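Architecture at a glance
Residue-level listing of the chains:
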Amino acid sequence: MLTLKKYILLSLLITFLLISSIFPAFAYDEEMSDDAETISIIESLQASSTVSNEPDVHSTHIVAIDRNTNRILYEKSAFDKTPMASTTKILTSIIAIENCKLDDIVHISSNAAHTSGSTLGIKTNDNIRMEDLLYGLMLRSGNDCAVAIAEHISGNLENFSSLMNKKAKELGLNNSNFITPHGLDADKHYTTAYELALITNYALKNETFKKIVSTKETIICNRN
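Analysis parameters
- Residues numbered from 1 in each chain as written.
- Predicted model: local features only at pLDDT ≥ 70, side-chain atom pairs only at ≥ 80, totals over all residues.
- Heavy atoms only, no water.
- Core = buried A, V, L, I, M, F, W, Y, C linked by side-chain atoms within 4.5 Å.
- Buried < 20%, exposed > 50% of the residue type's maximum accessible area, 1.4 Å probe, protein only.
- Contact = heavy atoms within 4.5 Å.
- Helix = DSSP H or I, 4+ residues; strand = E, 2+ residues; numbered from the N terminus.
- Salt bridge = Lys/Arg side-chain N within 4 Å of Asp/Glu carboxyl O.
- pLDDT = per-residue confidence, 0-100.
- Pairing = 2+ DSSP bridges.

1. Describing the nonpolar core
Ranked by size, the top nonpolar core spans 48 residues in total, and within it Ile108, Leu133, Leu134, Met138 and Phe209 carry the most contacts. Excluding anything up to four places from it in sequence, Leu133 contacts Val106, Ile108, Ile122, Ile128, Cys145, Ala148 and Ile149.

What follows is the structure, given as structure tokens:
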């Protein structure tokens, strides 16, 4: 039994899983404008803008969009193609939610269990509910969960990447390409800050995704 605690903050100015400061992709939602952190960020941007034309931000790639219209409020190198690390898992999660049942039992392969990087710690031959893997994916940034999900849905990572790219095209993303479900470095695995914001905005319209990423902690059990 694993107790999973959330260590990633999902604020109004989304994109989360910002494991590196490569590019935060921000999305403004008026319904969340009373959030204290949101107000602080907006006031900070406004204050810096009164001093100069550019907000005081240090990320290489950044975009702020209106979530209702996708209108760009601010951007810096938002259309440059760049690796997106674990923000990849946003798309992995939404594909899983849309393509299988949350109570599916996923058999964990040796390949998934031995995935490198950030992991939940699942073991070979474990049997884990899909919903639990999604919590492990989004709360713990579990690369092992990403591989297990991909193998369950598509059989292997290559087929799953095709599914990811198909979804990207459905969302109108022309400057993104997905090779892995977890975001570990791979050639030709990239997106842009703007398209990442669009992916995240789409994901947050899904109630299951919203529930998962707003959860503070959960318990994950092996179903053997």
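2. Regarding the side chain of Asn206
Topologically, Asn206 is positioned in the loop between α7 (193–203) and α8 (207–213). Ignoring sequence-local partners within four residues, the contact set of Asn206 consists of Ile94 and Ile97.

3. Notes on the pattern of salt bridges
For the coordinates displayed, the defined rule picks out six salt bridges. A salt bridge links Glu98 to Lys167; the shortest N-O distance between them is 2.9 Å. Of this pair, Glu98 sits in helix α2 (residues 88–99) while Lys167 sits in helix α6 (residues 157–170), placing them 69 residues apart in sequence. The exposure class of Lys167 is buried, given its relative accessible area of 11%. Salt-bridge contacts for Glu170 lead to Lys167; the nearest nitrogen and oxygen are separated by 3.5 Å. One end of the pair, Glu170, and the other, Lys167, are both in helix α6, three residues apart, so they sit about a helical turn from each other. The exposed category is assigned to Glu170, whose relative accessible area is 52%. One continuous salt-bridge network, built from bridges that share partners, spans Arg129, Glu131, Asp132 and Arg223.

4. Some words on α7
In terms of burial, α7 is a largely internal element, 10 of the 11 residues being buried. Within the span of α7, buried status applies to Ala193, Tyr194, Glu195, Leu196, Ala197, Leu198, Ile199, Thr200, Asn201 and Ala203.

5. Here we look at the confidence of the model for the protein chain
Here the protein chain averages 84 in pLDDT, and 76% of its residues register 70 or above. For the stretch residues 1–28, pLDDT sits under 50, and the model shows 112 contacts to residues farther than four places along the chain or on other chains.

6. Description of unusual backbone geometry
Backbone geometry places Ala85, a non-glycine residue, at a positive phi of 50°. Its relative accessible area of 24% is what places Ala85 among the partly exposed residues. The residue Lys188 is not glycine, and still its phi comes out positive at about 65°. Tracing the backbone shows Lys188 in the loop between α6 and α7. Lys188 sits in the exposed class, given a relative accessible area of 64%.

7. Quick look at the pairing of strand β3 (residues 62–66)
For a regular strand, side chains alternate in direction, first toward one face of the sheet and then toward the other. In terms of burial, β3 is largely enclosed, as five of its five residues are buried. With burial as the criterion, each face of β3 is covered, one bearing Ile62, Ala64 and Asp66 and the other bearing Val63 and Ile65. Relative to strand β4 (residues 72–76), β3 is paired through four bridges, and the arrangement is antiparallel. Each bridged residue has a counterpart across the sheet, and for Ile65 the counterpart in β4 is Ile72. Counted along the chain from β3 to the antiparallel partner β4, the turn is five residues long, and its residue Asn70 has a positive phi close to 65°.

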